[in-house]
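For reference, the chains in residue letters:
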There are 2 protein chains.
Amino acid sequence: MQPLAAAAAAPTASAESAAAMRVVEVDLGDRSYPIYIGQHLLNDGARLRQHIPGNRVLIVTNTTIEKLYLQKCTDALKAADPQLQVDSVVLPDGEEYKNMEVLGQVWDKALECRLDRGTTFLALGGGVIGDMTGFAAAAYQRGVHFVQVPTTVMSQVDSSVGGKTGVNHPLGKNMIGAFYQPRCVLIDTTTLDSLPRRELASGVSEIVKYGLIRDAELFEWLEGNMQRILERDPEAIAHAVERSCINKAEVVAADEKEGGVRATLNLGHTFGHAIETSTGYGTFLHGEAVSIGMVMAADMSVRLGWIDASILQRTRTLLQSAGLPVTPPESMSIAGFKELMAVDKKVQAGKLRLVLLKGPLGGCVVTGDFDPAKLDETLAAFCSH
Amino acid sequence: MQPLAAAAAAPTASAESAAAMRVVEVDLGDRSYPIYIGQHLLNDGARLRQHIPGNRVLIVTNTTIEKLYLQKCTDALKAADPQLQVDSVVLPDGEEYKNMEVLGQVWDKALECRLDRGTTFLALGGGVIGDMTGFAAAAYQRGVHFVQVPTTVMSQVDSSVGGKTGVNHPLGKNMIGAFYQPRCVLIDTTTLDSLPRRELASGVSEIVKYGLIRDAELFEWLEGNMQRILERDPEAIAHAVERSCINKAEVVAADEKEGGVRATLNLGHTFGHAIETSTGYGTFLHGEAVSIGMVMAADMSVRLGWIDASILQRTRTLLQSAGLPVTPPESMSIAGFKELMAVDKKVQAGKLRLVLLKGPLGGCVVTGDFDPAKLDETLAAFCSH
């Protein structure tokens, strides 16, 4: 991973962050961008300012994050450049608001403020805010600048890397969107101190995923350090976030538009999306649904004879140690799973493709070439009807 | 224009179109695509099929074009490949329906039909259908294939080249969208036989524009051949459409994302958009508003001393010979123009930039560097209040 990701000690404006800051470079040619990871980076308005072209910013946040960090973020930017015009729009908080109608509020605000093509949209919040702000930026006047300040583990390790943006449709998650890269991602790990325990665990689910699909060493480190992460030990958090970003950045750099290897990042997601859609957005957090989905994918991989049963057991144990669910809700039926998995974006020419584990820990495949009876067996094992 | 545009006699499947078909290549690197221009090309399903990857097509059209060409287009595709699955969605006809809500009907239909990422969206209709279908394709599952079959002069000479897609917002035209290139454009000039006279003239307005901004020869040819175009003489139409596509393709190839020279294509559009917004979409056709806008821009250019008054007079005469309006409606006020022009996408860092004529016929500039008093004089000359 050397050429791509550098944990360089870049100079910082704030003394307290200087020691610990890590930088991950996402290598996408002329769309490359840095991810800064460290404590108290939100105080460092100068760093953000250097990635904001022009002199107008629209901060997009939600009602929860507004109270915690909007003023701080605005003040930091204004302190770095008093000339910067900073507007903001506050969306309702929750996956159930990740739709075109709520997204329209961002465009309404931008047009009311007469923001032009040189404007930068800044996402301040979790994955929902990041995805929505990114798509809003991609489509506003056919594209304005975009920076991200993710405030949840989930958004720091997943949605902040890779440029996938969008909103949900009643018939499927993330069905409407764009590939759109930010100019930088600023991860202030201190913001996790205010994150509810359940959301912390949801993000951890995606970290476990990187271990399963490509980084056995990270998986094993998590087996020994889950408690430290749940206690928000700054060093453990920073390590887990950095390793996750490096993993995702490597995958995305190899396959920006998801033609090949990038699809491995969807481990557990086809099952998980079906759970989220069936139960209604907001019932399960995304990482919770993915946690269940990863266990189901691992179960199916064992049934196919592709991995040793011990990997399934270790996966289940690790996810449970984070307090994550590992079985679908009673309401989910076999037929319900099949119906919902058929509209998944990973369906190609009518054939369902799944990310499944194969070989030793850290190995996986994306394939539609599996015995469908094994999928039926897994669904039967996890659903009572 | 040699390296870019070739009027090559490519082989065709249909004898009646073989003689006359013209091909313009739009040169955009790995997003390059051909524009086919000729009579009866809509019968040539094989040509369309070769630009459709995969085996599912969603035809997007409107209630007017549905009756005229939907069955024909579907039949041609099915004749070329009986395996091809062809679905369609019919939108209401008119600029007033070019909004996110109506666009959502395309996504609803695509999801109901379970169309996957390998699907191709085919725009069958005028500029509104092309713009909406393009944006629908850009954002559906973060991007599916797109082909265009434009059926109006306006869409054949303007919106089919350059990849600008999008919808209107109550606060401004085309404010939400994407740059998204089709895989091919098929222009069947026979479809213009069913085009209302007023819409024909609206498209001619954009052809005149190419003459004014970069092609004096075309402008002069139009001065001698307007009647043939209005009578839909196939040769005259094909020549005007081809020359327009070549002009636009050259500009777009030089500047895909509108950083520089592409902005010249907006001659008359800043004034025109203000007229369209003020009167409500649908009152004026786009080309009609642009016609008025071009005369206003030419008037301002004369006042600035940048062009000879004869160019303004010839422009007015040529547009009037096509039956196009050359003065804004009585309802438009000086203040109204100023208010609406301030939210135009061409505003940069708060400063209004305009496309203005300069030098001999065929010369223009994009600039914010003009005496604002001359804009006031032009507005005063065209508005009674």
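Residues numbered from 1 in each chain as written. Chains lettered and ligands numbered in written order. Predicted model: local features only at pLDDT ≥ 70, side-chain atom pairs only at ≥ 80, totals over all residues. Heavy atoms only, no water.

Here we come to the overall build of chain A. The secondary structure content of chain A amounts to 14 helices and 11 strands. By the compact-globule yardstick of 21 Å for 385 residues, chain A fits well, its C-alpha radius of gyration being 20 Å. Summarising its shape, the C-alpha atoms of chain A cover approximately 65 × 40 × 35 Å along the three principal directions. Counting over 385 residues, chain A shows a buried share of 63%. Long-range pairs, those at least 24 residues apart, make up 74% of the contacts in chain A between residues at least 6 apart in sequence. Accessible surface computed for chain A: about 13200 Å², of which carbon and sulfur atoms make up 50%. Both charge centroids of chain A, one from 36 positive and one from 45 negative side chains, sit 3 Å from each other. (Helix = DSSP H or I, 4+ residues; strand = E, 2+ residues; numbered from the N terminus. Rg over C-alpha atoms; globule rule 2.2 N^0.38 Å. Buried < 20%, exposed > 50% of the residue type's maximum accessible area, 1.4 Å probe, protein only. Contact = heavy atoms within 4.5 Å. Areas by Shrake-Rupley, 256 points an atom, 1.4 Å probe, with all protein chains shown as cover. Lys, Arg positive; Asp, Glu negative; His and termini not counted. Charge placed at Lys NZ, Arg CZ, Asp CG, Glu CD.)

Now for the environment of Asp 299 of chain A. All names here are of chain A. Tracing the backbone shows Asp 299 in helix H11 (residues 286-303). A sequence separation of 151 residues divides Asp 299 from Gln 148, and the C-alpha atoms of the two residues are 36 Å apart. Ignoring any residue separated from it by four or fewer positions in sequence, one finds Asp 299 in contact with Leu 312, Thr 378 and Phe 382. At 2.9 Å, the side chain of Asp 299 forms a polar contact with the side chain of Thr 378. (Polar contact = N/O pair within 3.5 Å; in protein donor to acceptor, adjacent residues only side chain to side chain.)

Okay, the UniProt feature "domain: 3-dehydroquinate synthase N-terminal" (unreviewed entry) in chain A next. UniProt annotation of "domain: 3-dehydroquinate synthase N-terminal" (unreviewed entry) refers to residues 89-201 of chain A when read in the numbering used here. Regarding residues 89-201 of chain A, the helix share stands at 34% and the strand share at 29%, and the terminal C-alpha atoms are separated by 28 Å. (UniProt positions renumbered as here; feature names shortened; annotations may be inferred.)

Moving on: the pattern of salt bridges. Following the criterion strictly, the structure yields 44 salt bridges over all chains and no others. A salt bridge links Arg 22 of chain A to Glu 242 of chain A; its shortest N-O distance comes to 2.5 Å. Of the two residues, Arg 22 of chain A sits in strand S1 (residues 22-26) while Glu 242 of chain A sits in helix H9 (residues 234-254), which places them 220 residues apart along the sequence. Asp 131 of chain B serves as the salt-bridge partner of Lys 98 of chain B, at 2.7 Å between the closest nitrogen and oxygen. Taken together, the positions of Lys 98 of chain B in the loop between strand S4 (85-91) and helix H4 (100-112) and Asp 131 of chain B in helix H5 (residues 127-139) put the pair 33 residues apart, joining distant regions of the chain. For Lys 98 of chain B, a relative accessible area of 3% puts it in the buried group. Each member of the salt-bridge network shares a partner with another, and the members are Asp 299, Arg 303, Lys 374 and Glu 377 of chain A. (Salt bridge = Lys/Arg side-chain N within 4 Å of Asp/Glu carboxyl O.)

What follows concerns the side chain of Asp 188 of chain A. All names here are of chain A. With respect to the helices, strands and loops of the structure, Asp 188 is situated in strand S9 (residues 185-188). It turns out Asp 188 is buried and unbridged, and the closest side chain with the opposite charge, Lys 72, is 5.1 Å from it. Separated by 2.6 Å, the side chains of Asp 188 and Thr 190 make a polar contact. Residues in contact with Asp 188, not counting those within four places in the same chain, are Gly 38, Gln 39, His 40, Leu 41, Leu 42 and Gln 156.

Residues and elements named next belong to chain A. Pairing of strand S3 (residues 56-62) with strand S4 (residues 85-91), which is carried by seven bridges, proceeds in the parallel orientation. Counterpart to Val 60 in the pairing with S4 is Val 89. Taken together, S3, helix H3 (residues 63-80) and S4 constitute a β-α-β crossover, and its handedness is right-handed. (Pairing = 2+ DSSP bridges. Right-handed = clockwise from strand over helix to strand, strands pointing away.)

Next up on the list: the side chain of Gln 156 of chain B. For Gln 156 of chain B, the position within the fold is in helix H6 (residues 153-159). Setting aside chain neighbours within four positions, we find Gln 156 of chain B in contact with Pro 150, Thr 151, Ile 187, Asp 188, Thr 191, Leu 192, Val 241 and Cys 245 of chain B.

Further remarks concern the domain arrangement of chain A. Residue and element names in this part refer to chain A. When its domains are assigned, chain A resolves into domain 1 (15-195) and domain 2 (256-382). Placing the centre of domain 1 and that of domain 2 at their C-alpha centroids yields a distance of 29 Å. Taking both sides of the interface into account, the surface hidden between domain 1 and domain 2 amounts to around 1400 Å²; carbon and sulfur atoms contribute 55%. Looking only at domain 1, the three residues that lose the most surface to domain 2 are Lys 164, Lys 173 and Phe 179, adding up to 38% of its buried area. If you look at where domain 1 meets domain 2, you find one salt bridge. With a closest N to O distance of 3.1 Å, Lys 173 and Glu 276 form a salt bridge. Counting the contacts that link domain 1 with domain 2 gives two residue pairs in polar contact (both at pLDDT 80 or more). (Domains from an automatic or database assignment. Buried area = accessible area lost by both parts, 1.4 Å probe.)

What follows covers the nonpolar core. Core analysis: the largest hydrophobic core is formed by 76 residues, its most contacted members being Ile 35, Val 208, Leu 212, Phe 271, Phe 337, Leu 354 and Leu 375 of chain A. Apart from the residues within four sequence positions on either side, Leu 354 of chain A is in contact with Thr 270, Phe 271, Met 300, Met 341, Val 365, Val 366, Thr 367, Phe 370 and Leu 375 of chain A. Core analysis: the next-biggest nonpolar cluster, separate from the first, contains 75 residues, Ile 187, Leu 212, Ala 298 and Met 341 of chain B among them. (Core = buried A, V, L, I, M, F, W, Y, C linked by side-chain atoms within 4.5 Å.)

Once that is clear, we can look at the packing of helix H7 (residues 197-214) of chain B against helix H9 (residues 234-254) of chain B. Residue and element names in this part refer to chain B. Orientation of H7 relative to H9, taken along the N-to-C sense of each, is 50°, at an axis distance of 10 Å. When the axes of H7 and H9 are compared, the pair comes out oblique. As H7 runs across H9, the sense of the crossing is left-handed. Between H7 and H9, the contacting residues are Leu 200, Ile 207, Tyr 210 and Arg 214 on the first element and Ile 237, Ala 240, Ser 244, Asn 247, Lys 248, Glu 250 and Val 251 on the second. (Axes fitted to C-alpha atoms, helices over the stretch in contact; angles between N-to-C directions. Parallel < 35°, antiparallel > 145°, perpendicular 65-115°, else oblique. Left-handed = near helix turned anticlockwise from the far one by under 90°.)

Now for helix H8 (residues 216-230) of chain A. Residue and element names in this part refer to chain A. Look at H8: 20 Å from first C-alpha to last across 15 residues, which is about the 21 Å you get at 1.5 Å a residue. Along H8, the helix axis deviates most sharply at Gly 224, where the bend reaches about 65°. Buried within H8 are the following residues: Leu 218, Phe 219, Trp 221, Leu 222, Asn 225, Met 226, Ile 229 and Leu 230. In this structure, the buried side of H8 is in contact with helix H7 (197-214), H9 and helix H12 (309-321). One or two residues past the end of H8 sits Arg 232, with phi positive at roughly 60°. (Expected span 1.5 Å × (residues − 1). Bend = angle between axes of the 7 residues up to and from the residue.)

To continue, consider the packing of H11 of chain A against helix H14 (residues 372-382) of chain A. A pair of packed helices is captured by two measures, namely the crossing angle of their axes and the spacing between those axes. Residue and element names in this part refer to chain A. Where H11 contacts H14, the two axes come as close as 9 Å, and the packing angle between them is 130°. As summarised for this structure, H11 and H14 are arranged oblique, according to the angle between their axes. Our pair here, H11 against H14, has a crossing hand that is right-handed. Packed against H11, whose contacting residues are Val 295, Met 296, Asp 299, Met 300 and Arg 303, the element H14 presents Lys 374, Leu 375, Glu 377, Thr 378, Leu 379, Ala 381 and Phe 382 at the interface. Of the residues in the contact of H11 with H14, the class split is seven nonpolar, one polar and four charged. (Nonpolar A, V, L, I, M, F, W, Y, C, P; charged D, E, K, R; others polar.)

What follows concerns H9 of chain B. Taking 1.5 Å of rise per residue, 21 residues should cover 30 Å, and H9 of chain B covers 30 Å from first to last C-alpha, within 8% of that figure. With a side-chain oxygen positioned 2.9 Å from the backbone nitrogen of Glu 235 of chain B, the residue opening H9 of chain B is Asp 233 of chain B.

All names here are of chain B. For the coordinates displayed, the defined rule picks out six aromatic pairs over all chains. Judged by centre distance (6.4 Å) and plane angle (65°), the rings of Trp 107 and Phe 135 are edge-to-face. You can see Trp 107 sitting in helix H4 and its partner Phe 135 sitting in helix H5, a full 28 residues away along the chain. As far as the burial class goes, Trp 107 and Phe 135 line up, both buried. On the basis of an interplanar angle of 70° and a centroid distance of 6.4 Å, the ring pair of Phe 271 and Phe 337 is categorised as edge-to-face. Residue Phe 271 is found in helix H10 (residues 269-279), and its partner Phe 337 is found in helix H13 (residues 334-341); the two are separated by 66 residues along the sequence. Accessibility expressed as a relative area gives 0% for Phe 337, which makes it buried. (Phe/Tyr/Trp six-rings, centres within 6.5 Å; stacked < 30°, edge-to-face > 60°.)

A few words on the confidence of the model for chain A. Looking at chain A as a whole, its pLDDT mean stands at 91, while 92% of the residues score no less than 70. In the model, residues 1-18 of chain A has pLDDT below 50 throughout and makes 31 contacts with residues more than four positions away in sequence or in other chains. (pLDDT = per-residue confidence, 0-100.)

Next up on the list: the pairing of strand S5 (residues 120-125) of chain B. Consecutive side chains of a regular strand alternate in pointing toward one face of the sheet and then the other. All names here are of chain B. In terms of residue burial, S5 counts as a mostly covered element, since six of its six residues are buried. In this structure, strand S3 (residues 56-62) lies alongside S5, joined through four bridges in parallel fashion. Bridge pairing in S5 places Leu 58 opposite Phe 121. The sheet contact formed by S5 and strand S6 (residues 145-150) spans six bridges and is parallel. Paired with Ala 123 across the two strands is Gln 148, which belongs to S6. Following the backbone out of S5, through H5 and into the adjacent parallel S6, one traces a crossover that is right-handed.

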